[in-house]
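Fold and geometry: a report
These are the residues of each chain, in order.
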Amino acid sequence: MRSAMRQPFKTAVLVLVWGWLLFLVLTPNLLVVGASVLTRDPGTFISLPLTLDAYRQLLNPLYLDVFLHSLYMAAMTTLVCLLIGYPFAWALSKVPRQRQVLLIFLLIVPFWTNSLVRTYALKLMLATNGLLNNALLSLGLIDQPLQLLYTEGAVIIGLVYLLLPFMILPLYSVFDDLREDLLRASHDLGAGHLATFVHVIVPLTLPGVLAGVMLVLLPAMGLFFVPDILGGSRNLLVGNVIKNQFLDARNWPFGAAASIVLTLTMAFLMFAHRLSKRRIGEEGA
Amino acid sequence: MTRWLPRTYLTLVYLLLYAPIAVLVVFSFNDSRTGYEWGGLSWRWYESLFNNRAMVEAMWNSLWLALSAATVSTLIGALTALALHRYRFRGKKALNGMLFVVMMSPEIVLAISLLALFLLVGLQLGYVSLLLAHVTFCLPFVVITVMARLSGFDERLPEAARDLGASDFTMTRTVLIPVIMPALLAGWLLGFTLSLDDVVVSTFVSGPSYEILPLRIYSMVRVGLKPEVNALGTLLLMFSMVMLIMSQWILTRSKQ
């Protein structure tokens, strides 16, 4: 069965990849968990004794405000992405096959291109004397340039711009799997457009919605460069807090605790996603 | 239902997605310094870009990093995908799960965990730390690309090769490698672009000894508008697009 040559190859590959993942994924993550329950130390970054101070500090009104504001901006981003992306994915799944390939490619191109540069391009559009204001002024829609940059809205626009494809792609894949006969069956059974939408389309596309939410909500809390470029100092993300704690304030326990809250949110969303997929599997069977 | 409504909607969203990019490209040829008014065609920002020695050095550093990160992650990723495809072993699910977690984790979580590791083991932040970090976040993408290729592959081919007396090594070289070649190229190109565009992870794990392009752009755009960034951004966009078109072309051509 197994030739002598296969086993050493198999062992070597498994040792290599496991070694890589254990050293560069598992160990670092355990370190972060460890750091979050240790005490801040100016020399060695962290030291004993064990304490939950960092987590308590997260509840400090000052930081709690930043967290809630960041969560709010991330939730708004996710909502806007969903509102734009849901009909978009639906429309995309109706386009003839050949053209779908091209359209998806056009969707992916900006998302593989430098996100910093694209954020900067948005700044060109949104600045006080930027293109959008100039266009509105010359159309006579406004008398004075609007303050668009350095607002909460600018951060949300920036995040939507960067993250929209992450919402559209999973939605597109569920719409692509949506079987026409189910919709026809629903109509034959006397359901109107609205009833079909609520009772057939929404439940069947729910895993795609949750996958999209997962892929947008979490990065929307971490992309610290978006507020740095578009949002000014009052519209910070959790990512900005983590970055400041690690690179400037040198408070590792606090930064680590903040990052663990992000990871737990991710775990929760992944769990919800699994659950919704399993439920649909049962109903379909 | 009406046909023009979905079409108009799709077109509108695409226009919004591409408008800022188009503006950036057009303004990179703008002679005006203020950056908002049109002052005539000019190459001056491209010239000033290439006359900036620190900038050119950062470009080379970024290219070299992306080349090496893509190559290392393709090697490890391809071997991992082959192992996942061909062998049964304990912990296979755990391995898949870990790769999935790496792909799903917010970049910033990966970034601080790696920073913590590098500082605690005393690795000097620079090329090596960047390479380790970039290979780690590229790895799952390469594994997925190669796995997708292998899953659509006729299992009888390697069996036939072995029945005809080919050794395992010969079989891998003459049957498996040619089959996964397009996926290897696509995975390599993907890794290359991912590495070249990364900001979040690099912000944490790079040191002053090895300055790379995204970080240089970051420090430039934080303080106001810089026309040079339009030119640089245009070059980077064009570069990524060419890479992406190449990888898609390789993948679709190999399917036919």
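Residues numbered from 1 in each chain as written. Chains lettered and ligands numbered in written order. Predicted model: local features only at pLDDT ≥ 70, side-chain atom pairs only at ≥ 80, totals over all residues. Heavy atoms only, no water.

1. Description of helix H1 (residues 4-27) of chain B
All names here are of chain B. Between its first and last C-alpha atoms H1 spans 33 Å; for 24 residues at 1.5 Å apiece the expected length is 34 Å, and the two agree. Of all the bends found along H1, the most pronounced is centred on Tyr18 and spans about 35°, while Pro20, a proline, follows it within four residues. All buried positions along H1 are accounted for by Leu10, Val13, Tyr14, Leu17, Pro20, Ile21, Val23, Leu24 and Phe27. (Helix = DSSP H or I, 4+ residues; strand = E, 2+ residues; numbered from the N terminus. Expected span 1.5 Å × (residues − 1). Bend = angle between axes of the 7 residues up to and from the residue. Buried < 20%, exposed > 50% of the residue type's maximum accessible area, 1.4 Å probe, protein only.)

2. Quick look at helix H4 (residues 92-104) of chain B
Between the first and last C-alpha of H4 of chain B there are 18 Å, a value that for 13 residues agrees with the 18 Å anticipated at 1.5 Å per step. Of the positions making up H4 of chain B, those classed as buried are Leu95, Met98, Leu99, Val102 and Met104 of chain B.

3. Focus on the nonpolar core
The tendency in soluble globular proteins is for nonpolar side chains to be buried side by side. Phe225 of chain A together with Phe204 and Ile217 of chain B are the most contacted members of the largest nonpolar core, which totals 148 residues. Here this core gets 14 residues from one element, more than from any other, and that element is helix H7 (residues 152-177) of chain A. Setting aside chain neighbours within four positions, we find Ile217 of chain B in contact with Leu116 and Val117 of chain A together with Val229, Leu232 and Leu236 of chain B. Judged by nonpolar contacts, the second largest core, of 30 residues, contains Leu99, Val143, Val146 and Leu184 of chain B. (Core = buried A, V, L, I, M, F, W, Y, C linked by side-chain atoms within 4.5 Å. Contact = heavy atoms within 4.5 Å.)

4. Section: the interface of chain B and chain A
You'll often see interface size given as the accessible area lost when the parts meet. Taken together, the contacts link 82 residues of chain B with 78 residues of chain A. Taking both sides of the interface into account, the surface hidden between chain B and chain A amounts to around 7,600 Å²; carbon and sulfur atoms contribute 81%. Linking chain B with chain A are 0 salt bridges. Connecting chain B to chain A are 8 residue pairs in polar contact (both at pLDDT 80 or more). For the side of chain B that touches chain A, the leading source of residues is H1 of chain B, giving 14 residues. (Buried area = accessible area lost by both parts, 1.4 Å probe. Salt bridge = Lys/Arg side-chain N within 4 Å of Asp/Glu carboxyl O. Polar contact = N/O pair within 3.5 Å; in protein donor to acceptor, adjacent residues only side chain to side chain.)

5. Looking at the pattern of salt bridges
All names here are of chain A. Applying the stated rule across the entire model yields 3 salt bridges over all chains. A salt bridge links Asp176 to Arg97, with the shortest nitrogen-to-oxygen separation between them at 2.9 Å. With Asp176 in helix H7 and Arg97 in helix H4 (residues 97-112), this residue pair connects regions lying 79 residues apart in the sequence. When its relative accessible area of 29% is taken as the criterion, Asp176 is described as partly exposed. Here Asp228 makes a salt bridge to Lys243, at a shortest N to O gap of 3.9 Å. With Asp228 in helix H10 (residues 225-231) and Lys243 in helix H11 (residues 238-248), this residue pair connects regions lying 15 residues apart in the sequence.

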